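So the chains spell out like this:
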Amino acid sequence: MNDKLTLNNLEKLMEMETQLRGEYQPKLDEKDAAISKLDDKKTALETRISELEKTIATQLTTITELSGKSKDAQALEQRNRELHNRSENMKEEIAAAKGRVKALQKDLAAERSELAELKKYDPQRLRKNLDATKKKLAEKTTAADKLQKSLSQARAENTQLEQKVKDLEAQVAETNAESEDQTDEGSQAAA
């Protein structure tokens, strides 16, 4: 009875495995797609940051060259202010981009941890455990069948032996009764 229950439980586990696979596989695919999108965004932002840093470096070199070459101090100061404002704006953009990159990295880490959690329900590992359990169940079933056969044989032998004991007791009772009858007849004949 327990073996049937165990077999039913194994079948339910197989059904649960199929159901979980059907339920979580699309989510896993979506998470993989989301992770790759986040990686692409991160790469694009890092490229943008490096371009902005190159632009800032170029502008700074331009500023220094213009300050050395320029004879008109007011025009140079005006240009410096413009470039400084541009570089400040670009620094703000870089800071914002870095913030977005950090947020994307956090999202990526969260997605990876969720993906790792979902991979705990690995169908191959579950199937391997199920196969091992089935094998153990088959071995236990075989052993139980052998024990059942030997129990049946022992019961049959016990029944036969009990019948023999009853027959022998009946014979002993008959023999005792006959000897008592003969003893009684012998006593009556002597009297």
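Predicted model, so just to flag it, every value in this text is computed and none were measured. (Residues numbered from 1 in each chain as written. Predicted model: local features only at pLDDT ≥ 70, side-chain atom pairs only at ≥ 80, totals over all residues. Heavy atoms only, no water.)

**A closer look at the environment of Thr-62**
Along the polypeptide, Thr-62 turns up in helix 1 (residues 2-69). Sequence-wise, Thr-62 and Leu-83 are 21 residues apart; in three dimensions their C-alpha atoms are separated by 9.1 Å. (Helix = DSSP H or I, 4+ residues; strand = E, 2+ residues; numbered from the N terminus.)

**Some thoughts on the pattern of salt bridges**
If you walk through the whole model with that rule in mind, you get six salt bridges. Lys-91 is paired through a salt bridge with Glu-88; the nearest N and O atoms lie 4.0 Å apart. Taken together, the positions of Lys-91 and Glu-88, both in helix 2 (residues 73-119) and three residues apart, correspond to about one turn of that helix. On the basis of relative accessible area, Lys-91 is assigned to the partly exposed category, the value being 46%. The class of Glu-88 is partly exposed, set by a relative accessible area of 30%. Three or more residues are tied together by salt bridges with common partners; here these are Glu-17, Arg-21 and Arg-127. (Salt bridge = Lys/Arg side-chain N within 4 Å of Asp/Glu carboxyl O. Buried < 20%, exposed > 50% of the residue type's maximum accessible area, 1.4 Å probe, protein only.)

**A few points about the nonpolar core**
With 15 residues, the main nonpolar core has Leu-45, Ile-49 and Ile-94 as its most contacted residues. Contributing elements (two or more residues each) for this core: helix 1 and helix 2. Ranked by the residues each element gives to this core, the list is headed by helix 2, at eight residues. When neighbours within four sequence positions are excluded, Ile-94 is seen to be in contact with Ile-49, Leu-52, Glu-53 and Ile-56. (Core = buried A, V, L, I, M, F, W, Y, C linked by side-chain atoms within 4.5 Å. Contact = heavy atoms within 4.5 Å.)

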